[in-house]
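Topology and contacts: notes
Each chain is listed here by its residues.
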Amino acid sequence: MNIRINNGFQSNTTTLDQPIVVTGAAGFIGSHTTDELLSLGHRVVGVDDLSTGRIGNLGESMRNERFEFVKADVAGPEMMDWLCQRYQPAAIIHLAGLVSVVAAQENPGRNYRLNLHATQQVAEAARSCGVSRVVFASSAATYGNTLALPVSEETPTRPEGLYGSCKLASEHLLQGYASSFDLEVVCLRYFNVYGSRQTGDSPYAGVISKFVEGFSSGNGVTVFGDGRQSRDFIHVRDVARANALAATVPLELRTLVANVCTGRQQSLNEVLSVFGNLFPHAPAPRRETARRGEILHSCGDPAIAKRHLGFQARTTLDEGLRHLIDHSGISISA
Ligand SMILES: NC(=O)c1ccc[n+]([C@@H]2O[C@H](COP(=O)([O-])OP(=O)(O)OC[C@H]3O[C@@H](n4cnc5c(N)ncnc54)[C@H](O)[C@@H]3O)[C@@H](O)[C@H]2O)c1
């Protein structure tokens, strides 16, 4: 079981003046999380080494006097410690990591450093500086390829590769810190996140950002298999809201693991049909044989996040894709 209930435990709420540290702030989810926190009036310290993130993602935040940016490697010796000593944050939202499942398989050492060792640095800095709460960017990859859908936090975790196994090990490490020290931990298992600022040009990009790239460039897209494979696609603004709630709401638990998902299963063919409406002149998708080992269906149960964080995804796929196209500066009459 992933959730430990401490009866009678009620945590403190965050004050607006004590900052929240966001690691990976210049990345896709990090920059939206920073925007969300600033819009709620929080002070934010964003940390990023700009390895995959872009300072341009923080355009508006950089002009906000409640935001500070620190370019640093969070896995580096004592960096997180220095940061926590200097800023005395109320919470850390730890998003920095190696995001690509493929890159993690190709470079196990880098995966270990970014997806597990960095978590240790964050946890230790939080403990030694008295930070109240750590929110960790975990993943649906911790479940592996499970047939029983939707997956709840009670579903056994069987990660199939190095990315998912380091995410799960990070969750366990943080839970060990929470049970040993005065620290609350929220591990959020994101499902398939999409939205603006996600890079579509890399071979590691998610399917929706690849579709945006293919449709908007006029090059078209390739679908592997019959397109009936499905995912629980969640818009990044919803994920940013979940992160902000996880960092700030009073908790009844010292350790919480929660899916961040919509609870809706949507097929690639459904996604293609929304794109088809937005780009009526685009070439028909190329069809290729299914890729070996690809998970066919994935869908999460959102009940725990709703119960403990008051979080529910609001953006429909249609709204989310339209918002993404609008914010990508793409002309949809092309
Ligand atoms: N995008 C998804 O669908 C998804 C799904 C599940 C989990 N996640 C997790 O969410 C988190 C954020 O993912 P994202 O999609 O925004 O990816 P991203 O690559 O856009 O963001 C990661 C950020 O971390 C920074 N970073 C990497 N290593 C660093 C280091 N050592 N020190 C400081 N900064 C560093 C990068 O420069 C980048 O800005 C990751 O931990 C990822 O594993 C993402």
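Note that the structure is a prediction, hence the values are computed from the model and not measured.

**So, the overall build of the chain**
- Of regular secondary structure, the chain possesses 11 helices and 13 strands.
- For a compact globule of 334 residues, the expected C-alpha radius of gyration is about 20 Å, and the chain comes in at 19 Å, within 12% of that figure.
- Counting all 334 residues of the chain, 53% fall into the buried class.
- Working note: accessible area of the chain is about 14800 Å², and carbon and sulfur atoms make up 49% of it.

**What about the packing of aromatic side chains?**
- Enumeration according to the criterion identifies 8 aromatic pairs in this entry.
- Relative to Phe275, the ring of Phe211 lies with its centre 5.9 Å away and its plane at 90°, an arrangement referred to as edge-to-face. Taken together, the residues Phe211 in helix α7 (residues 207–217) and Phe275 in helix α9 (residues 268–278) connect sequence positions 64 residues apart.
- With relative accessibility at 2%, the residue Phe211 sits in the buried group.
- Phe275 sits in the buried class, given a relative accessible area of 0%.
- Ring geometry for Phe275 and Phe279: centres 6.4 Å apart, planes at 15°, overall stacked.
- An aromatic cluster is defined as three or more aromatic residues linked by ring pairs; in this entry it consists of Phe211, Phe215, Phe275 and Phe279.
- Lying over the aromatic face of Phe181, Arg127 brings its terminal NZ or CZ to 5.1 Å of the ring centre.

**Section: helix α11 (residues 317–326)**
- Three or more residues of α11 are buried, namely Leu317, Gly320, Leu321, His323, Leu324 and Ile325.
- Taken together, the buried residues of α11 touch β7 (192–194), α7, β10 (233–235), α8 (236–248), β12 (266–267) and α9.

**Quick look at the site of the ligand**
- Taken together, 27 residues lie around the ligand, and Ile29, Asp48, Thr52, Asp73 and Tyr163 are the ones closest in.
- The contact in question runs from an oxygen atom of the ligand to an N or O atom on the backbone of Phe28, over 2.8 Å.
- Lys167 is positioned with one of its side-chain polar atoms (N or O) 2.9 Å from an oxygen atom of the ligand.
- Contact with the protein chains covers 92% of the free accessible surface of the ligand, which is 820 Å².
- Residue assignment for the shell around the ligand shows that the elements contributing at least two residues are α1 (28–39), β5 (133–139) and α6 (162–180).
- Each residue belonging to the shell around the ligand can be placed in one class, and the counts come to 15 nonpolar, 8 polar and 4 charged.

**Thoughts on the domain arrangement of the chain**
- Here the chain is described as being made up of domain 1 (20–194 + 233–263 + 301–309) and domain 2 (207–230 + 264–298 + 317–326).
- Computed from C-alpha atoms alone, the centre-to-centre distance between domain 1 and domain 2 is 27 Å.
- Facing 10 residues of domain 1, the contacting portion of domain 2 comprises 15 residues.
- Both faces considered, domain 1 and domain 2 share a buried interface measuring about 1100 Å² in area, 62% of it formed by carbon and sulfur atoms.
- Of all residues in domain 1, Leu149, Tyr194 and Phe233 bury the most surface against domain 2, accounting for 52% of the area lost on that side.
- At the junction of domain 1 and domain 2, the tally comes to 0 salt bridges.

Cut-offs applied
Residues numbered from 1 in each chain as written. Predicted model: local features only at pLDDT ≥ 70, side-chain atom pairs only at ≥ 80, totals over all residues. Heavy atoms only, no water. Helix = DSSP H or I, 4+ residues; strand = E, 2+ residues; numbered from the N terminus. Rg over C-alpha atoms; globule rule 2.2 N^0.38 Å. Buried < 20%, exposed > 50% of the residue type's maximum accessible area, 1.4 Å probe, protein only. Areas by Shrake-Rupley, 256 points an atom, 1.4 Å probe, with all protein chains shown as cover. Phe/Tyr/Trp six-rings, centres within 6.5 Å; stacked < 30°, edge-to-face > 60°. Lys NZ or Arg CZ within 6 Å of the ring centre and 35° of its normal. Contact = heavy atoms within 4.5 Å. Near = heavy atom within 4 Å. Polar contact = N/O pair within 3.5 Å; in protein donor to acceptor, adjacent residues only side chain to side chain. Nonpolar A, V, L, I, M, F, W, Y, C, P; charged D, E, K, R; others polar. Domains from an automatic or database assignment. Buried area = accessible area lost by both parts, 1.4 Å probe. Salt bridge = Lys/Arg side-chain N within 4 Å of Asp/Glu carboxyl O.

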